Amino acid sequence: MTTASLSAPINGALRHVPSWVVYLAGLIPLAWVVYLTFTGGIGVDPVKGIEHRLGKIALWFLVGGLAITPARRWLGLNLIRYRRAIGLLAFFYIALHLTAWAVLDMSMLWAQALSGLVKRRYLLLGISAFILLIPLAITSNNASIRKLGRNWRKLHWLVYPAVLLGVIHYLLQMKVISTQGWLWLAAVLLLLGLRFAPRFR
């Protein structure tokens, strides 16, 4: 039995699931963070807890979006219609993560924030990843796709360095890189390898 035949029932069922369902489901992790914050379950340091959880959620969506093309190519699972929603949700959570750092952690003390960027390289990498994703988020609409034509695909290649910077940002913010951190890096490198590997004939 081929992967195409195994994935066919799933693809058939997904045809009936509109994109707005993905957007709605994508807000569930945010609701969970809010719940934990108001019930005291976010951790002993609520600011760091909120900041780290939002960053981890963003990473899940980034890697999930990166997995869509390899999943279609190698497994026959077609999730392309949801790639825009997943990408925009990733950008949304990265923006929240950055806002939590700037507002809750840095208290909008911009001189102190800039000093932190110089001292802690992982902050600079994270912000660089966010900047790379800004044009992708802005052009993730049908009007931009029509206007940019072939250049739209070229522009959206920025997602690959952005994801790589994001996972390195995640690793470097750890005092000691955990096994989970190395697994995240391995997953991203594997997905990038599968994305650019030649297709089997």
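Note that the structure is predicted; figures quoted are calculated from it, not measured. (Residues numbered from 1 in each chain as written. Predicted model: local features only at pLDDT ≥ 70, side-chain atom pairs only at ≥ 80, totals over all residues. Heavy atoms only, no water.)

Enquirer: Looking at this structure, I do not really get the nonpolar core. What am I missing?
Expert: One recurring pattern in soluble globular proteins: nonpolar side chains tend to sit buried together. Residues Phe-61, Leu-66 and Val-188 are the most contacted members of the largest nonpolar core, which totals 38 residues. Broken down by secondary-structure element, the contributors of at least two residues to this core are α3 (28-39), α4 (46-75), α5 (83-105), α7 (121-138), α10 (159-172) and α11 (179-196). Examining the composition of this core, we find that 10 residues originate from one element, α4, more than from any other. Within the second largest apolar cluster, 8 residues are counted, among which are Met-106, Tyr-122, Leu-123 and Ile-127. (Core = buried A, V, L, I, M, F, W, Y, C linked by side-chain atoms within 4.5 Å. Buried < 20%, exposed > 50% of the residue type's maximum accessible area, 1.4 Å probe, protein only. Helix = DSSP H or I, 4+ residues; strand = E, 2+ residues; numbered from the N terminus.)

Enquirer: Could you clarify how one ought to interpret the packing of aromatic side chains in this entry?
Expert: The description of an aromatic ring pair uses the distance of the two centres, along with the angle that the planes make with each other. Scanning all chains against the criterion turns up 7 aromatic pairs. Relative to Tyr-93, the ring of Phe-61 has its centre 5.6 Å away and its plane inclined at 5 degrees; by these criteria the two rings are stacked. One end of the pair, Phe-61, is in helix α4; the other, Tyr-93, is in helix α5, with 32 residues separating them in the sequence. For the pair shown, Phe-61 and Tyr-93 are each scored as buried. Ring plane angle 10 degrees and centroid distance 5.2 Å describe the contact between Phe-91 and Phe-130, whose orientation is recorded as stacked. (Phe/Tyr/Trp six-rings, centres within 6.5 Å; stacked < 30°, edge-to-face > 60°.)

Enquirer: Quick question: what am I supposed to make of the environment of His-97 here?
Expert: Turning to its location among the elements, His-97 is positioned in helix α5. Measuring from C-alpha to C-alpha, the distance between His-97 and Gly-126 comes to 9.9 Å, with 29 residues separating the pair along the chain.

Enquirer: What is the right way to look at the packing of helix α6 (residues 110-119) against α7 in this model?
Expert: Packed helix pairs are specified by the crossing angle of their axes together with the interaxial distance, meaning the distance between the axes. Interhelical geometry of α6 versus α7 gives an angle of 105 degrees and a closest axis separation of 5 Å. Regarding the angle of α6 to α7, the classification is roughly perpendicular. Along the contact surface, α6 presents Gly-116, Leu-117 and Lys-119, while α7 presents Arg-121, Leu-123, Leu-124 and Ile-127. A breakdown of the residues in the contact of α6 with α7 according to their chemical character gives 4 nonpolar, 1 polar and 2 charged. (Axes fitted to C-alpha atoms, helices over the stretch in contact; angles between N-to-C directions. Parallel < 35°, antiparallel > 145°, perpendicular 65-115°, else oblique. Contact = heavy atoms within 4.5 Å. Nonpolar A, V, L, I, M, F, W, Y, C, P; charged D, E, K, R; others polar.)

Enquirer: How should the environment of Ile-50 be read in this particular structure?
Expert: Tracing the sequence through the fold places Ile-50 in helix α4. Between the C-alpha atoms of Ile-50 and Leu-30, which are 20 residues apart in sequence, the distance is 9.9 Å.

Enquirer: Help me understand a nonpolar patch on the surface in this model?
Expert: Residues Trp-20, Val-21, Tyr-23, Leu-24, Leu-27 and Phe-92 make up a contiguous nonpolar surface patch of roughly 550 Å² in combined accessible area. Top element by residues in the nonpolar patch is helix α2 (residues 19-26). It accounts for 4 residues. When you line up the elements, Phe-92 lands in helix α5. Since its relative accessible area comes to 31%, Phe-92 is described here as partly exposed. (Patch = residues over 30% accessible without salt bridge, like charges linked within 9 Å, V, L, I, M, F, W, Y side chains within 5 Å. Areas by Shrake-Rupley, 256 points an atom, 1.4 Å probe, with all protein chains shown as cover. Salt bridge = Lys/Arg side-chain N within 4 Å of Asp/Glu carboxyl O.)

Enquirer: I tried to follow the confidence of the model for the protein on my own but got confused; where do I start?
Expert: In low-pLDDT segments, the atomic positions of the prediction should not be examined closely. Averaged over all residues, the pLDDT of the protein equals 88, while 95% of them reach at least 70. Element-level pLDDT for the protein is lowest in helix α1 (residues 3-14), with a mean of 73, against a maximum mean of 95 in α3. (pLDDT = per-residue confidence, 0-100.)

Enquirer: I keep staring at the pattern of salt bridges and nothing clicks. Help me out?
Expert: For side chains bearing opposite charge, pairing can occur when the charged atoms are close. In this structure the tally under the stated criterion is 1 salt bridge. The shortest N-O distance in the salt bridge between Asp-105 and Lys-48 comes to 2.9 Å. Here Lys-48 lies in helix α4 and Asp-105 lies in helix α5, a separation of 57 residues in the sequence. Classification of Asp-105 by relative accessible area gives partly exposed; the value is 22%.

Enquirer: So what exactly am I meant to see when it comes to the side chain of Thr-69 here?
Expert: Position of Thr-69 among the secondary structure elements: in helix α4. Using a relative accessible area of 10% as the deciding quantity, one classes Thr-69 as buried. Thr-69 has contacts with Ile-80, Arg-83 and Arg-195, leaving out every residue within four places of it along the chain.

Enquirer: I tried to follow the side chain of Thr-139 on my own but got confused; where do I start?
Expert: Mapped onto the elements of the fold, Thr-139 is located in the loop between α7 and α8 (142-148). For Thr-139, a relative accessible area of 11% puts it in the buried group. A distance of 2.7 Å separates a polar side-chain atom of Thr-139 from the backbone oxygen of Pro-135. Those residues in contact with Thr-139 that sit more than four places away from it in its chain are Ser-144, Ile-145, Leu-148, Trp-152, Leu-155 and His-156. (Polar contact = N/O pair within 3.5 Å; in protein donor to acceptor, adjacent residues only side chain to side chain.)

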